Amino acid sequence: MSSRPLGQQIVSVKPIPVPAPGRSIDLQVKVTAPRSGQNLPVMVFSHGNAWSMDGYQPLVDRWAAAGFVVVQPTHLDSRRNAIGWDDPRFATIWRVRIADLHAILDNLGDILVQAGLETRVDREHIAVVGHSWGAQTAGAILGARVLDADGVPGEDFSHSAVSAGALIAATGTGDTLTPFAAENLPFMKPDFSTMATPALVIAGGKDQSQLSTRGPEWFTDAYHLSPAPKSLLTIAEAEHTMGGIAGERVAETTDEDPSRVLLLADAISAYLRAALGLDDAEWTALGSTAEDGDSTWSIASK
């Protein structure tokens, strides 16, 4: 866990508009940051299906208290936008999600001005993080591509401003999709061979997806099939909601465990501080704890 004081105050500013030409609904973000500190690294977080910039508070608040400026967009698939499976816009939401992150990264300076943080951020240290569908979105920014119906990799969506990332419950390859997923989610065919940016992949040992016929190991593909350097945090008892990362007592959480949420939050901040070249002490200590632990969670690296 983090050795830095996490009791410091944090502040949030929302909504902040972000230019996104051609988007059917305006793009807005929320920015959460520590109230004090300079040279703060930036983390752009992509939410899971149906969520918004107001979700994942247990993670975001913890990251901000640890010294990160966290930027959260509300993607088109948010419940508040009421875009269902049968909406003609749904088929392209995966692309709009990626475009959202590009818009944030390209307009980061203005976002920071509107949040009152322009003099306190180190824009040379930027990471992307995502959960579930958000992990696929973040993975594209890290260099992963989407295979078409013929197995040909699509365009490169990586962004040069991003130096590291973390993928929480990232869906695996598309060769074992269920009929529903194959029909409704044809974009869920990632190619991780080009995801070269350093990243931490987080998988739950009891995360059984309804979208694939494979077991929980499906969520480790982003680690095993991508080039080094990568790390894999496996939490043995975690399901897809990872202990409740979207919020306390959220209805969809199937494995409520606040300690699991703290482990995940602190592992990501520790990893990113190390991968961004800021400080590797916490990540090194976490690795030692894993080696000496009780096998409820483990870390692998390559």
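In this text, all values refer to a predicted model and were calculated from it rather than measured experimentally.

Enquirer: Would you mind going over helix α1 (residues 57–65) in detail, with residue names and values included?
Expert: Because each turn of an α-helix spans 3.6 residues, side chains separated by three or four positions in sequence point in the same direction. Taken as a whole, α1 has its buried residues at Leu59, Val60, Trp63, Ala64 and Ala65. Backbone geometry just downstream of α1 places Gly67 in the positive-phi region, at approximately 110°.

Enquirer: Which residues make up the pairing of strand β2 (residues 27–34), and what are the values?
Expert: Taken across its 8 residues, β2 has 7 buried, putting it largely inside the fold. The sheet contact formed by strand β1 (residues 10–18) and β2 spans 7 bridges and is antiparallel. Residue pairing for β2: Ile10 is matched across the bridge by Pro34. When β2 meets strand β4 (residues 69–73), the two strands line up antiparallel, connected through 4 bridges. When the sheet's bridge partners are listed, Thr32 is paired in β4 with Val70.

Enquirer: Could you give me a rundown of the sheet that holds β4, with the residues and numbers involved?
Expert: The strand order across the open sheet built from 9 strands is β1-β2-β4-β3-β5-β7-β9-β10-β11, with neighbouring strands paired in mixed fashion. Whereas interior strands pair on both sides, the edge strands pair on one side only; in this sheet they are β1 and β11 (297–301). On average, each strand axis in the sheet is inclined to that of its neighbour by 20°, with strand direction left out of account. Along the sheet, helix α7 (residues 258–275) contacts β3 (40–46), β5 (121–131), β7 (164–168), β9 (199–204), β10 (230–235) and β11; its crossing angle with β7, the most-contacted strand, is approximately 160°.

Enquirer: Go over the pattern of salt bridges, please, and point to the residues and values.
Expert: As enumerated under the stated definition, the model contains 14 salt bridges in all. Asp156 serves as the salt-bridge partner of Arg145, at 3.8 Å between the closest nitrogen and oxygen. With Arg145 in strand β6 (residues 145–146) and Asp156 in the loop between β6 and β7, this pair connects stretches of sequence that are 11 residues apart. The exposure class assigned to Arg145 is partly exposed, which follows from its relative accessible area of 26%. Note on Asp156: relative accessible area 42%, which makes it partly exposed. Linking Arg260 and Asp255 is a salt bridge whose minimum nitrogen-to-oxygen distance equals 3.0 Å. Summarising the burial analysis for this pair, Arg260 and Asp255 share the class buried.

Enquirer: Could you give an account of the nonpolar core, naming the residues involved and the relevant values?
Expert: Within the largest apolar cluster, 95 residues are counted, with the highest numbers of intra-cluster contacts made by Trp63, Ile168 and Ile268. Per-element tally for this core: the top contributor is α7, with 9 residues. Contact partners of Trp63, with chain neighbours within four places excluded, come to Met43, Phe45, Phe68, Val70, Val129, Ala265, Ile268 and Ser269.

Enquirer: Go over empty space enclosed by the protein, please, and point to the residues and values.
Expert: Taken as a whole and judged by the stated rule, the model has 3 cavities of 30 Å³ or more. In this structure, the largest cavity spans a volume of roughly 130 Å³. Along its surface, the largest cavity is lined by 17 residues, and Gln136, Thr137, Gly139, Ala140 and Val146 are the ones closest to its centre. Sorting elements by how many residues they give to the lining of the largest cavity places helix α4 (residues 133–141) first, with 6 residues. Split by residue class, the lining of the largest cavity holds 12 nonpolar, 4 polar and 1 charged.

Definitions and cut-offs
- Residues numbered from 1 in each chain as written.
- Predicted model: local features only at pLDDT ≥ 70, side-chain atom pairs only at ≥ 80, totals over all residues.
- Heavy atoms only, no water.
- Buried < 20%, exposed > 50% of the residue type's maximum accessible area, 1.4 Å probe, protein only.
- Helix = DSSP H or I, 4+ residues; strand = E, 2+ residues; numbered from the N terminus.
- Pairing = 2+ DSSP bridges.
- Axes fitted to C-alpha atoms, helices over the stretch in contact; angles between N-to-C directions.
- Contact = heavy atoms within 4.5 Å.
- Salt bridge = Lys/Arg side-chain N within 4 Å of Asp/Glu carboxyl O.
- Core = buried A, V, L, I, M, F, W, Y, C linked by side-chain atoms within 4.5 Å.
- 1 Å grid on protein atoms, 1.4 Å probe; cavity = no way out; pocket = protein on both sides within 12 Å on 5 of 7 lines; lining within 4 Å.
- Points joined across faces, edges and corners; volume = space filled by probe spheres on them.
- Nonpolar A, V, L, I, M, F, W, Y, C, P; charged D, E, K, R; others polar.

Spatial relationships are all this shows, so hold off on functional conclusions.
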